[in-house]
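A closer look at the structure
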Amino acid sequence: MQDKPRRQRRILDLVKQQPVANQEQLAESLSREGIATTQATLSRDLRELGVVKGPTGYMLPGNGPVSAPPNGELERAVRTYLVQAESAGNLAVLHTGPGRAALLALEIDRARLKSVMGTVAGDDTIFIAARSSRDAGKLLRDLRQMAGMK
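Just so you know, these numbers come straight off a predicted model, no measurement behind them.

Here we come to the side chain of R7. Following the sequence through the fold, R7 ends up in helix α1 (residues 3–17). Ignoring anything within four residues of it in the chain, the contact list for R7 reads L30, I35, T37, T41 and D45.

Now for the pairing of strand β4 (residues 91–96). As paired elements, strand β3 (residues 82–88) and β4 share six bridges and run antiparallel to each other. Each residue of the ladder has a partner; that of A88, found in β4, is L91. Between β3 and β4, which pair antiparallel in sequence order, lie two residues; one of them, G89, sits at a positive phi of approximately 65 degrees. In terms of strand pairing, β4 meets strand β6 (residues 125–130) through five bridges, oriented antiparallel. Looking at the pairing, L91 lines up with A129 of β6.

Note that P55 resides in the loop between β1 (52–54) and β2 (57–59). With 65 residues separating them in the primary sequence, P55 and V120 have C-alpha atoms 17 Å apart. Not counting the four nearest positions on each side in its chain, P55 is found in contact with L103, L106, E107 and R110.

Read across the open sheet, the four strands follow the order β3-β4-β6-β5; overall the sheet is antiparallel. If you trace the sheet from one side to the other, it starts and ends with β3 and β5 (116–121), each paired once. On average, each strand axis in the sheet is inclined to that of its neighbour by 20 degrees, with strand direction left out of account. Where helix α4 (residues 73–81) meets the sheet, its contacts fall on β3 and β4, and the angle it forms with β3 comes to roughly 100 degrees.

Right, let's get into the nonpolar core. Ranked by size, the top nonpolar core spans 19 residues in total, and within it L82, L94, L104, I108, I126, I128 and L143 carry the most contacts. Mapped onto this core, the elements with two or more residues apiece are α4, β3, β4, α5 (101–111), β6 and α6 (133–147). When residues of this core are assigned to their parent elements, the largest contribution, five residues, is made by α5. The residues touching I128, leaving out its near neighbours within four places in the chain, are N90, L91, A92, L94, I108, V116, G118, T119, L139 and L143. Core analysis: the next-biggest nonpolar cluster, separate from the first, contains twelve residues, L14, V15, L30 and L42 among them.

What counts and how
Residues numbered from 1 in each chain as written. Predicted model: local features only at pLDDT ≥ 70, side-chain atom pairs only at ≥ 80, totals over all residues. Heavy atoms only, no water. Helix = DSSP H or I, 4+ residues; strand = E, 2+ residues; numbered from the N terminus. Contact = heavy atoms within 4.5 Å. Pairing = 2+ DSSP bridges. Axes fitted to C-alpha atoms, helices over the stretch in contact; angles between N-to-C directions. Core = buried A, V, L, I, M, F, W, Y, C linked by side-chain atoms within 4.5 Å. Buried < 20%, exposed > 50% of the residue type's maximum accessible area, 1.4 Å probe, protein only.

Here it is as structure tokens:
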């Protein structure tokens, strides 16, 4: 168990230096430093450390360009990942392919849309809390239009 603090410190150092594409790359980097680990241990460490996976790989929250000006990334992400969109009161419920919800939710959060209070992403579903049911409806129309849906 004494290796855990050292391993987690190295994980943080590696992820702070630059985004790590996947757990395999992270395991290889750790292995080069003499730290052997399993995929299950890495998953647990990443979760405990609060490391998130974004479009460029694993990173620490706040290390990405969250407040970057809009550059079309939201529209690209919507066109790429959105499969279905519906509303339930002031909630917009978006469906993506498996493992894609967090990627789309990240771009929605980065866009800092005034009508969006926050997002919660699962594996293939995103709940967006809008300020009102009217805002949720407009948001859905906009997202569907970006995606080329009717």
